[in-house]
Amino acid sequence: MKTWRDVARYHLLVPRPLLLMPWVVLTAGFLVNLQSAIRAPASRHSAAYAAHHNTGGAAVIYFYFFVIGVIIIGRSLPFGLTLGASRRSYYAGTAALGVALAVADGLALAALQAVERATDGWGVGLNFFRAPYILDGPWYQTWLTSFVGLALVFVYGMWFATVYRRWSLVGVVAFSIAQVVVVTVAILALHSAGAWSGVGHFFAGLTAVGLTGLFAGLAALLLAGGQATIRRATV
Amino acid sequence: MTPAISVTGLTRRYRDHLALDEVTFEVEAGSIVGLLGRNGAGKTTLLRILAGQEFPSSGGALVHGGRPAENEAVLRRLVFVREDQTYPDIRVRHALLAASWFYPNWSAELADALLADFGLPAGRMVKRLSRGMRSALGIAIGLAARAEVTLFDEPYAGLDAVARQIFYDRLLADYAEHPRTILLSTHLIDEAAGLLERVIVIDRGRIVLTADADDLRGVATAVSGPVLAVDEFTAGRAVWGRRRLIGQSSVVVVGALDEADRVRAGSLHLDLAPLTLQQLVVQAAGQPAGARERTSA
């Protein structure tokens, strides 16, 4: 029962893309935003301005986590299976590593958000780590939401790469189309049922924590989908 | 005793071709077996199924009595070295380190010794290795794992003759100290012949020959000389190929020759040359479909 841990260690043989790169990407995005905030008129260097203007720059780290999810399956699976890991252990170890990274990086994001808040947006009214509604609560709520969000995009990326492993490019195209179809059908069904106001009320009443819960459920669904897909993947 | 490898009615069908067709054989524990056949004969598919990397369409393969796919009890006792292995962006020593975590009998000393033998730089990125060096890395992992079942699929692509000899020597030396079951697929048949205790010849997805290597020595003999003398000598015998060239003829006679045969051949001024393992495999697997004639010895 320790194979999944060996799989996680195996991924960490190349630590840079997992531990360092997310922060390189985030730092680059931050510096660009900081630069433009500094050059902005001084009237904007206030907490009041920052409260209503968001760069949403921290989203780059979510995008990067999606990318890691893709490459961690695509590049490392063949040798992992050759070493004698089962697909089950490989998937469990990889997902566990992704979740652990999401926990750690989510905590760092919450800490940076606290600093941003305490310094009135790094002294120049920059709103990089805050986002209204979803990332606007106390630090532990930001931690929770960031962690769930990072884990969600990670397992989404893993599922894409697993589909590619099993059915190659045709599979990925079909998989993408299927997602569009599912969403479209859901929208049409809601529309024909005249249920939009109900949906509106649901989301209007939904707190950030509630939305985080929805994300967590979605992540669990994607995780199960990837697991079902990798069971018959070949290398 | 449970055989180390037991394959029954194993079939693997891809959309447009049949890679394995009702393959059945067993390999006893503690032997070195050659898996021989032409390109595309199905050797790699067979080994991938044994290693749990591919799934059968029907039939099955058991390793130490268990199905390999998704079965870590089996996978931990098995190592598979494949010619086309892809590695993540890691260094040579990382690949060996990872292998040491997964194989319970891993020998770090042997891995280091093999690295030195092959001149493999431990700090080099695997993707920067030449083809031969990459093969050497696979061999180092395959031998140092000391897994009970060791599968080598064309392990020495790109390796020079000296390095191949190192592989044979190391394999035999370590096998003597740590017996295990080794299934070796190779094109360099005569080179590996001395190593093999048993051979399995596969052609177009079917097993065409399984035999002890000793039993194959002298099982067929090329008889050559004047046409008339050859015809006289081979009359009534099972023969494989027949080649003629201006008054001379060469015929492969199937079945062992006794002393009286040799004396007679000498008096007829015939040359006798026992077929090498490679020539036998060419006979067994080298014929176009449907043209295989009189292969019963």
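Residues numbered from 1 in each chain as written. Chains lettered and ligands numbered in written order. Predicted model: local features only at pLDDT ≥ 70, side-chain atom pairs only at ≥ 80, totals over all residues.

S.K.: Please clarify how the packing of helix α4 (residues 108–118) of chain B against helix α5 (residues 131–144) of chain B should be interpreted in this entry.
M.R.: Relative placement of two packed helices is described by the angle separating their axes and the distance separating the axes. All names here are of chain B. Relative to each other, α4 and α5 sit at 155°, their axes nearing to 9 Å. Of the possible angle classes, the one that applies to α4 and α5 is roughly antiparallel. Considering how the two elements wind past one another, α4 and α5 form a crossing that is right-handed. For the pair α4 and α5, the contacting residues are Leu 110, Ala 111, Leu 114, Leu 115 and Phe 118 in the first and Ala 136, Ile 139, Ala 140, Leu 143 and Ala 144 in the second. (Axes fitted to C-alpha atoms, helices over the stretch in contact; angles between N-to-C directions. Helix = DSSP H or I, 4+ residues; strand = E, 2+ residues; numbered from the N terminus. Parallel < 35°, antiparallel > 145°, perpendicular 65-115°, else oblique. Left-handed = near helix turned anticlockwise from the far one by under 90°. Contact = placed C-beta atoms within 7 Å.)

S.K.: What exactly am I supposed to notice about the interface of chain A and chain B here?
M.R.: Accessible area lost on assembly of the parts is the figure often given for the size of an interface. Contact with chain A, which involves 22 residues of that partner, is made by 22 residues of chain B. Within the residue set of the side of chain A that touches chain B, elements represented by two or more residues are α1 (3–11), α5 (77–82) and α6 (87–118) of chain A. Residue composition of the side of chain A that touches chain B, grouped by class: 9 nonpolar, 7 polar and 6 charged. (Nonpolar A, V, L, I, M, F, W, Y, C, P; charged D, E, K, R; others polar.)

S.K.: Any chance you could explain the sheet that holds strand β11 (residues 239–245) of chain B here in plain terms?
M.R.: Within a sheet, each strand pairs with its neighbour through backbone hydrogen bonds, oriented either parallel or antiparallel. All names here are of chain B. Across the sheet, 4 strands lie side by side as β11-β12-β10-β13; this open sheet has antiparallel pairing. What marks the edges here is a single partner per strand, and that holds for β11 and β13 (271–274). The mean angle between the axes of side-by-side strands here comes to 15°, regardless of whether they run parallel or antiparallel. Across 4 bridges, strand β10 (residues 220–226) lies against β13 in antiparallel orientation. Bridged to Val 223 within β13 is Leu 272. (Pairing = 2+ DSSP bridges.)

S.K.: Sorry if this is basic, but what is going on with the environment of Ile68(A) here?
M.R.: Residue and element names in this part refer to chain A. Along the chain, Ile 68 falls in helix α4 (residues 59–74). Here Ile 68 falls in the buried class, since 22 other C-beta atoms lie within 10 Å of it. For the pair Ile 68 and Met 158, spaced 90 residues apart in sequence, the C-alpha to C-alpha distance is 8.2 Å. Not counting the four nearest positions on each side in its chain, Ile 68 is found in contact with Pro 17, Leu 18, Phe 154 and Gly 157. (Buried ≥ 20, exposed ≤ 12 C-beta atoms within 10 Å, placed from the backbone.)

S.K.: Just to check I follow, could you spell out the nonpolar core for this structure?
M.R.: Where a protein is soluble and globular, its nonpolar side chains tend to be buried together. Core analysis: the biggest nonpolar cluster contains 136 residues, and Val155(A), Leu78(B), Ala140(B), Ile141(B) and Leu151(B) have the highest contact counts within it. Per element, the largest residue contribution to this core is 15 residues, and it comes from helix α8 (residues 139–192) of chain A. Two domains share this core, each providing at least three of its residues, namely domain 1 (5–212) and domain 2 (220–274) of chain B. In contact with Ala140(B), not counting residues within four places along its chain, are Leu96(B), Ala111(B), Leu114(B), Leu115(B), Phe118(B) and Leu120(B). (Core = buried A, V, L, I, M, F, W, Y, C linked by C-beta atoms within 7 Å. Domains from an automatic or database assignment.)

S.K.: Would you mind showing me how to read the packing of α5(B) against helix α6 (residues 161–177) of chain B here?
M.R.: Residues and elements named next belong to chain B. Running from N to C, α5 and α6 point in directions that differ by 0°, and their axes come no closer than 11 Å. If you check the angle between α5 and α6, you find them roughly parallel. Between α5, through Gly 132, Ala 136, Ile 139 and Leu 143, and α6, the contact on the second element is made entirely by Ala 163, Phe 167, Arg 170, Leu 171 and Asp 174. Classifying every residue of the contact of α5 with α6 by side-chain character gives 6 nonpolar, 1 polar and 2 charged.

S.K.: I would appreciate a short explanation of α4(A) in the present structure.
M.R.: Along an α-helix, residues three or four apart share an orientation, since each turn contains 3.6 residues. Residues and elements named next belong to chain A. With 16 residues, α4 should reach 22 Å at 1.5 Å per residue; the first-to-last C-alpha distance of 23 Å fits that figure. Taken together, the buried positions of α4 are Ile 61, Tyr 64, Phe 65, Ile 68, Gly 69, Ile 72 and Ile 73. End-on view of α4: buried residues confined to an arc of 165°, all on one side of the axis. (Expected span 1.5 Å × (residues − 1). Arc of directions from axis to C-beta.)

S.K.: How should unusual backbone geometry be read in this particular structure?
M.R.: Residues and elements named next belong to chain B. Even without a glycine there, the phi angle at Glu 70 is positive, about 60°. Assignment of secondary structure puts Glu 70 in the loop between β4 (58–63) and α2 (72–75). For Glu 70, a count of 15 C-beta atoms within 10 Å puts it in the partly exposed group. Phi is positive for Arg 204, which is not a glycine, with a value near 45°. Among the structural elements, Arg 204 can be located in the loop between β8 (198–203) and β9 (206–212).

S.K.: Explain the environment of His269(B) to me, please; I cannot follow it from the model alone.
M.R.: Looking at the secondary structure, you find His269(B) in the loop between α10 (259–267) and β13. For His269(B), a count of 9 C-beta atoms within 10 Å puts it in the exposed group.

S.K.: Help me understand the sheet that holds β8(B), please; the structure alone is not making it clear to me.
M.R.: Residues and elements named next belong to chain B. Strands sit in the order β5-β6-β7-β3-β8-β9 across an open sheet of 6 strands; the sheet is mixed. Of all strands in the sheet, those bounded by a partner on one side alone are β5 (78–82) and β9. Averaged over all pairs of adjacent strands, the angle between their axes in this sheet comes to 15°, without regard to strand direction. Bridging between strand β3 (residues 32–36) and β8 involves 4 bridges; their strand directions are parallel. Opposite Val 33, over in β8, you have Arg 198 as the bridge partner. Across the sheet, helix α1 (residues 43–50) lies against β3, β5, β6 (149–153), β7 (181–185) and β8, angled at about 150° from β6, the strand it touches most. The strands touched by α5 are β5 and β6; relative to β5, the strand with the most contacts, the crossing angle is about 170°.

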